[in-house]
Amino acid sequence: MRLCLLALAVFPALAQAQTITDARLTGPTDRYPHGVLGAPSEHDTLEVTLADGRQLATRWPAPMVFEYTSPRVVDLNGDGAAEVIVVQSHETFGAQLAVWGLRDGALQPLVAAPHIGTRFRWLAVAGAADLDGDGAIEIAYIDRPHLARELVVVRISQAGDAWSLREIARSAGLTNHRIGQTDIAGGIRDCGPGPDIITANADWSRIIATRLHDGRLQQTDIGRHDGTDSFAIALRCGLLPD
């Protein structure tokens, strides 16, 4: 499906671009009543704080909302200035992964993946890192963590002002969210050999570490999931019970 972003109301504008240091979602709204993250779980406004303390905000009008927990602030192109990873949803076409950043002193969408294609279908970001050691940053997310349960890795690239997201790998049988939970489980760790994406298996009985190698995702069962501490232990590179 071709990406279609709506016009934004941006306020206030800055004459000089600054690096983003923090981001959050505000403006809770019930005009897209999915409630996958609890209620209300959708917001119409993305706010960022800049290095000099000033703030910028942008608001989605209908039919779009931000549908996420906490936006992730990551330098995705290695230029020393951070971008913001969010999930945003269309009332007809469902969720999409999106990257926002500063352009000409304003907070603007830089790139977005296609929408899932159906209302009330969602995705949950696991994290962003150079997952295969090639110097480029990848974003990992779970496509429909309650239904499809597929781990997807997309690569970020930039040519001038043009950004792109390209899917490079996908693996089934993994999830990182249960309906109604207000957080996203797991994340990305590096215990020495390289980054691992930490998720649960499809039935939440096991913790899985997945690594991107030679363009393929390799899953390793690292132990039993027996409570919320399992993910924290795994992210600290600790040992889990068999």
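Starting from 1, residues in each chain are numbered consecutively following that chain's sequence as written. Given that the model is predicted, a residue must reach a pLDDT of at least 70 before its local features are reported, and side-chain atom pairs must reach 80 or more before they are shown or counted; all residues, however, enter totals for whole chains, interfaces and linings. Water and hydrogen atoms were dropped before computing side-chain values, which therefore reflect all heavy atoms in the structure.

Peer 1: Please explain the packing of aromatic side chains as it appears in this structure.
Peer 2: The way to describe two aromatic rings as a pair is by their centre distance and the angle between their planes. Each Phe, Tyr or Trp ring, with Trp reduced to its six-membered ring, pairs with another whose centre is within 6.5 Å; inter-plane angles below 30 degrees give stacked pairs, above 60 give edge-to-face pairs, and intermediate values give tilted ones. Counted under the stated rule, the structure contains five aromatic pairs. Seen from their ring centres, Trp60 and Phe66 are 6.3 Å apart, and the 45° between their planes marks the pair as tilted. When a residue's accessible area, from a 1.4 Å probe over protein chains only, is under 20% of the maximum for its type it is buried; when over 50% it is exposed; and in between it is partly exposed. The class of Trp60 is buried, set by a relative accessible area of 0%. Each ring, one from Trp204 and one from Phe231, has its centre 6.0 Å from the other, and the planes form 75°; the classification is edge-to-face. With Trp204 in the loop between strand S16 (195–201) and strand S17 (206–213) and Phe231 in helix H1 (residues 229–235), the pair connects residues that are 27 residues apart, well separated along the chain. With respect to class, Trp204 is no different from Phe231; both count as buried. One aromatic cluster in this structure is built from Trp60, Phe66 and Trp100. Put simply, DSSP marks the helices as runs of H or I at least four residues long and the strands as runs of E at least two long, and each gets a number from the N terminus on.

Peer 1: Can you walk me through the pattern of salt bridges in this structure?
Peer 2: A pair can form between side chains of opposite charge whenever their charged atoms are brought close. For salt bridges, the criterion is a side-chain nitrogen of Lys or Arg within 4 Å of an Asp or Glu carboxyl oxygen. On inspection of all chains with the given rule, the structure shows 15 salt bridges. Measuring nitrogen to oxygen at the nearest pair gives 2.6 Å for the salt bridge that ties Arg170 to Glu150. Residue Arg170 is located in strand S13 (residues 162–172), and its partner Glu150 is located in strand S12 (residues 150–159); the two are separated by 20 residues in the primary sequence. The exposure class of Arg170 is partly exposed, given its relative accessible area of 37%. The residue Glu167 makes a salt bridge to Arg170 at a minimum N-O spacing of 3.0 Å. Counted as one network, the salt bridges with shared partners bring together Asp143, Arg144, Glu150, Glu167 and Arg170.

Peer 1: Looking at this model, I keep getting lost on the state of the cysteines. Mind explaining?
Peer 2: Here, disulfide denotes a covalent bond that connects the sulfur atoms of two cysteines. The definition used for a disulfide is geometric: two cysteine sulfur atoms within 2.5 Å. Taken as a whole and assessed by the stated rule, the structure comprises one disulfide. Between the sulfur atoms of Cys191 and its disulfide mate Cys237 the distance is 2.0 Å. Linking Cys191 and Cys237, the disulfide has an S-S dihedral of approximately -95° and is accordingly described as left-handed. Of this pair, Cys191 sits in the loop between strand S15 (187–190) and S16 while Cys237 sits in the segment after H1, and the two are 46 residues apart along the sequence. Given a relative accessible area of 36%, Cys237 falls into the partly exposed group.

Peer 1: What is the right way to look at the pairing of S12 in this model?
Peer 2: When DSSP finds two or more bridges between two strands, those strands count as paired. In this structure, strand S11 (residues 138–143) lies alongside S12, joined through six bridges in antiparallel fashion. Counterpart to Asp143 in the pairing with S12 is Glu150. Linking S11 to S12, which pair antiparallel, is a turn of six residues; within it Arg144 sits at a positive phi near 50°. Between S12 and S13, which pair antiparallel in sequence order, lie two residues; one of them, Gly160, sits at a positive phi of approximately 65°.

Peer 1: I'm lost on the confidence of the model for the protein chain in this one. Help?
Peer 2: The predicted model of the protein chain has a mean per-residue pLDDT of 92, with 93% of residues at 70 or higher. A residue's pLDDT is the confidence the predictor assigns to it, expressed on a 0 to 100 scale. Throughout, a residue-residue contact means that at least one pair of heavy atoms, one from each residue, lies within 4.5 Å. Taken together, the stretch residues 1–17 has pLDDT below 50 and engages in 42 contacts with residues farther than four places along the chain or on a different chain.

Peer 1: I tried to follow the pairing of strand S7 (residues 83–90) on my own but got confused; where do I start?
Peer 2: The two faces of a sheet get side chains in turn, since along a regular strand they alternate between them. Of all eight residues that make up S7, eight are buried, and the element is covered over most of its length. Residues Glu83, Ile85, Val87 and Ser89 line one face of S7 and the alternating positions Val84, Val86, Gln88 and His90 line the opposite face, and both faces are buried. Pairing geometry for strand S5 (residues 64–66) and S7, over three bridges, is antiparallel. Each bridged residue has a counterpart across the sheet, and for Val65 the counterpart in S7 is Ser89. Two strands pair when backbone bridges link them, and strand S6 (residues 72–74) and S7 are joined in this way by three bridges, in the antiparallel orientation. In the sheet register, Val73 faces S7, and the bridge partner there is Val84. With seven bridges connecting them, S7 and strand S8 (residues 94–103) associate as antiparallel partners. Within S8, the residue paired with Gln88 across the bridge is Gln96. Linking S7 back to S8 in an antiparallel pair, the connection comprises three residues.

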